[in-house]
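As a plain string of letters, each chain reads:
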Amino acid sequence: MAKNKILLKMVWGAVLVLVGLGVFYRIPQVMPKIEAMEQFSSAVFFIRFCFYLLGILLIGGGLKRIYDNYQELQNHNPQNHS
């Protein structure tokens, strides 16, 4: 795989991690607004669980993409120090 593609995938992984962190940052600000809506008041715990799960999946997926592509980059450019 071309080095530029690997770097682009690593950047995409970093974006996924940042979006996941953004989800965690926004949950405390958004939940009171959702709780105020009557049609969602009975499902508040499920909605909160889904938001946290979404954040965890985004962060986990981004970290996996960064790790996998970092390994690919290391295998693509071996450093010979001998």
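The structure under discussion appears in the preceding block.
Residues numbered from 1 in each chain as written. Predicted model: local features only at pLDDT ≥ 70, side-chain atom pairs only at ≥ 80, totals over all residues. Heavy atoms only, no water.

### Concerning the overall build of the chain
Link 1 in the chain: Broken down by element type, the chain carries 2 helices and 0 strands.
Link 2 in the chain: In terms of C-alpha radius of gyration, the chain reaches 19 Å, well past the compact-globule figure of 12 Å for 82 residues.
Link 3 in the chain: With the C-alpha coordinates of the chain rotated into their principal frame, the extents come out at 65 × 20 × 15 Å.
Link 4 in the chain: Within the chain, the proportion of its 82 residues that are buried is 22%. (Helix = DSSP H or I, 4+ residues; strand = E, 2+ residues; numbered from the N terminus. Rg over C-alpha atoms; globule rule 2.2 N^0.38 Å. Buried < 20%, exposed > 50% of the residue type's maximum accessible area, 1.4 Å probe, protein only.)

### Examining the packing of aromatic side chains
Link 1 in the chain: Inspection of every chain in the model, using the stated rule, returns 1 aromatic pair.
Link 2 in the chain: Relative to Y52, the ring of F24 lies with its centre 5.4 Å away and its plane at 45°, an arrangement referred to as tilted. One end of the pair, F24, is in helix α1 (residues 3-36); the other, Y52, is in helix α2 (residues 44-76), and 28 residues separate them in sequence.
Link 3 in the chain: Under the relative-accessibility criterion, F24 is labelled partly exposed at 29%. (Phe/Tyr/Trp six-rings, centres within 6.5 Å; stacked < 30°, edge-to-face > 60°.)

### A short note on the packing of α1 against α2
Link 1 in the chain: For the pair α1 and α2, interaxial distance at closest approach is 8 Å and the crossing angle is 165°. By the angle between their axes, α1 is roughly antiparallel relative to α2. Crossing handedness for the pair α1 and α2: left-handed.
Link 2 in the chain: A per-class count over the contact of α1 with α2 returns 26 nonpolar, 7 polar and 6 charged. (Axes fitted to C-alpha atoms, helices over the stretch in contact; angles between N-to-C directions. Parallel < 35°, antiparallel > 145°, perpendicular 65-115°, else oblique. Left-handed = near helix turned anticlockwise from the far one by under 90°. Nonpolar A, V, L, I, M, F, W, Y, C, P; charged D, E, K, R; others polar.)

### A word on α1
Link 1 in the chain: With 34 residues, α1 should reach 50 Å at 1.5 Å per residue; the first-to-last C-alpha distance of 49 Å fits that figure.
Link 2 in the chain: Remark: the principal bend of α1, roughly 45°, maps to I27, with a proline, P28, within the next four residues.
Link 3 in the chain: All of the buried residues in α1 are I6, M10, G13, L16, V17, G20, V23, I27, M31 and I34.
Link 4 in the chain: In the core, the buried residues of α1 are packed alongside α2. (Expected span 1.5 Å × (residues − 1). Bend = angle between axes of the 7 residues up to and from the residue. Contact = heavy atoms within 4.5 Å.)

### Section: the nonpolar core
Link 1 in the chain: Counting 8 residues, the largest nonpolar core is built from L16, V23, I27, M31, I34, V44, I47 and L58.
Link 2 in the chain: The set of elements that each furnish at least two residues to this core consists of α1 and α2.
Link 3 in the chain: Broken down by element, this core gets its largest block of residues, 5 residues, from α1.
Link 4 in the chain: In this view, V44 contacts M31 and E35; residues no more than four positions away in its chain are not counted. (Core = buried A, V, L, I, M, F, W, Y, C linked by side-chain atoms within 4.5 Å.)

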